[in-house]
Amino acid sequence: MRIGLLSPVWFPVPPTGYGGIEWVVALLAEGLVAAGHEVTLFASGDSETSAKLVSVYETAPSDRIGSSLVELDHALACYERASEFDVINDHSGIAGAALAGTVETPVVHTVHGPLDGEAGRIYERVAHVAPRLGLISLSLNQRKPKPGLPWIANCPNALDLTAYPVQPHRGDYLLFLGRLSHDKGAHRAIEVAKETGLSLKIAGKMREPLEKQYFEEYIRPRLGWGIEYLGEVPHEEKVDLLQNARATLFPIAWEEPFGLVMLESMACGTPVIATRRGAVPEVIEHDRGGIIVDHHRDMAAAVEEVDRIDPLECRRYVEERFSRERMVADYVAAYELMLGHATSRAQPGSAVTERPAERAGLTQRAGRSPAQP
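Residues numbered from 1 in each chain as written. Predicted model: local features only at pLDDT ≥ 70, side-chain atom pairs only at ≥ 80, totals over all residues. Heavy atoms only, no water.

Notes on the packing of helix α6 (residues 186-196) against helix α7 (residues 209-219)
- Their axes nearest at 10 Å, the elements α6 and α7 cross at an angle of 25°. By the criterion of interaxial angle, the relationship of α6 to α7 is roughly parallel. In this structure, α6 crosses over α7, and the sense of that crossing is right-handed. Here α6 contributes Ala-186, His-187 and Ile-190 to the contact with α7, which in turn contributes Tyr-214, Tyr-218 and Ile-219.
- When grouped by side-chain class, the residues that make up the contact of α6 with α7 number five nonpolar, one polar and no charged. (Axes fitted to C-alpha atoms, helices over the stretch in contact; angles between N-to-C directions. Helix = DSSP H or I, 4+ residues; strand = E, 2+ residues; numbered from the N terminus. Parallel < 35°, antiparallel > 145°, perpendicular 65-115°, else oblique. Left-handed = near helix turned anticlockwise from the far one by under 90°. Contact = heavy atoms within 4.5 Å. Nonpolar A, V, L, I, M, F, W, Y, C, P; charged D, E, K, R; others polar.)

Laid out in structure tokens, this is it:
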């Protein structure tokens, strides 16, 4: 297939530091090329890929993150060339999804964020103005606020496992890795560390105003005495931190759509202690990849419990469920499903358009990925 792959523009593909979506897009692009597809990746010019790279911005405009003009400029570079592709897979955000209504080329849009609140309402409106759009979820839990959207597949994220070598030993510190926000819960990880008497290393993005405010209010006053903030670390340092931690803490308090950090940790042989929110039960197998608790206050007691988990079993679990090959196969199946819908609409005597409600029902029945958790 000729595939247009539209990444967010804010960080390069793959990212040098923070950038979970960009890691997934990088892995997908490489896997699709390896499978023999003709892939054009729309990303910032400092990206590295085996696909054909098309860029509006020579370097990732991270300092302008959230600018609607930048986001639209980048997305239009893909959609204005839509006729060159058999299918477009948009990962760039809601604005990119809305542009699907302007082209005849089939478009699948991967939803990377939560759907409660304003985002879910806007996706419903997008489905009306782009009635041929197909949506891909990362977890089944992600769909719960808006089950009637035109879902065509569930494609859980994956890892390039060669970039996360396993280190089968028990470390001596706890680790928090992720964006600094109240929802992600670095301050809750600090509570756990203090209760257990273990040191805690915190590594995560702190670029935007709300992230800086959160850090100043909830993190900086608690640093010291074994609590350390390392900043936003490069990939090699992140892997080293993961390999040598006793456990990775994932004390979220929101409906996390997926949580790539959990995969990264388990791939390195380090179990995860996570709160039962969002996609956590779909990503972690309890007692195999980590421990799932109902509240972050239960995490301290789970630290000794997590020591029973074999690091190599953590790794095997990720290899079985979250390989690149599985994710690429899921996406190819979704693309083929969209092309089949487009072909059926084009057949003589067939309806050219479908009412959104009818289409949502069709895709809900047809779009379950064979590899979904």
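Here we look at helix α1 (residues 20-34)
- The end-to-end C-alpha distance of α1 is 21 Å, a good match for the 21 Å that 15 residues give at a rise of 1.5 Å each.
- Turning to α1, its buried residues number three or more, namely Glu-22, Val-24, Val-25, Ala-26, Leu-27, Leu-28, Ala-29, Gly-31 and Leu-32.
- With its phi angle positive at about 100°, Gly-36 sits one or two positions after the end of α1. (Expected span 1.5 Å × (residues − 1). Buried < 20%, exposed > 50% of the residue type's maximum accessible area, 1.4 Å probe, protein only.)

Quick word on the sheet that holds strand β8 (residues 173-177)
- Sheet architecture is open: six strands sit in the order β10-β9-β8-β11-β12-β13, paired in parallel fashion. Here the strands that pair on one side only, and so sit at the sheet edges, are β10 (227-231) and β13 (290-293). The average undirected angle you get between the axes of adjacent strands in this sheet is 20°.
- When strand β12 (residues 272-275) meets β13, the two strands line up parallel, connected through four bridges. When the bridges of β13 are listed, Ile-273 appears paired with Ile-291. (Pairing = 2+ DSSP bridges.)

Topic: the pairing of strand β4 (residues 87-90)
- Alternating residues of β4 divide into Val-87 and Asn-89 and Ile-88 and Asp-90, and every residue in both groups is buried.
- Of the pairings in the sheet, the one linking strand β1 (residues 2-6) to β4 comprises four bridges and is parallel in character. Looking at β4, one finds that Ile-3 is bridged to Val-87.

Describing the side chain of His-235
- Among the secondary structure elements, His-235 is positioned in helix α8 (residues 235-243).
- Given the relative accessible area of 15%, His-235 is considered buried.
- Among the polar contacts listed, one links the side chain of His-235 to the backbone oxygen of Ala-163, at a separation of 3.1 Å.
- With near-sequence residues (within four places) excluded, His-235 lies in contact with Thr-16, Trp-23, Ala-163 and Tyr-164. (Polar contact = N/O pair within 3.5 Å; in protein donor to acceptor, adjacent residues only side chain to side chain.)

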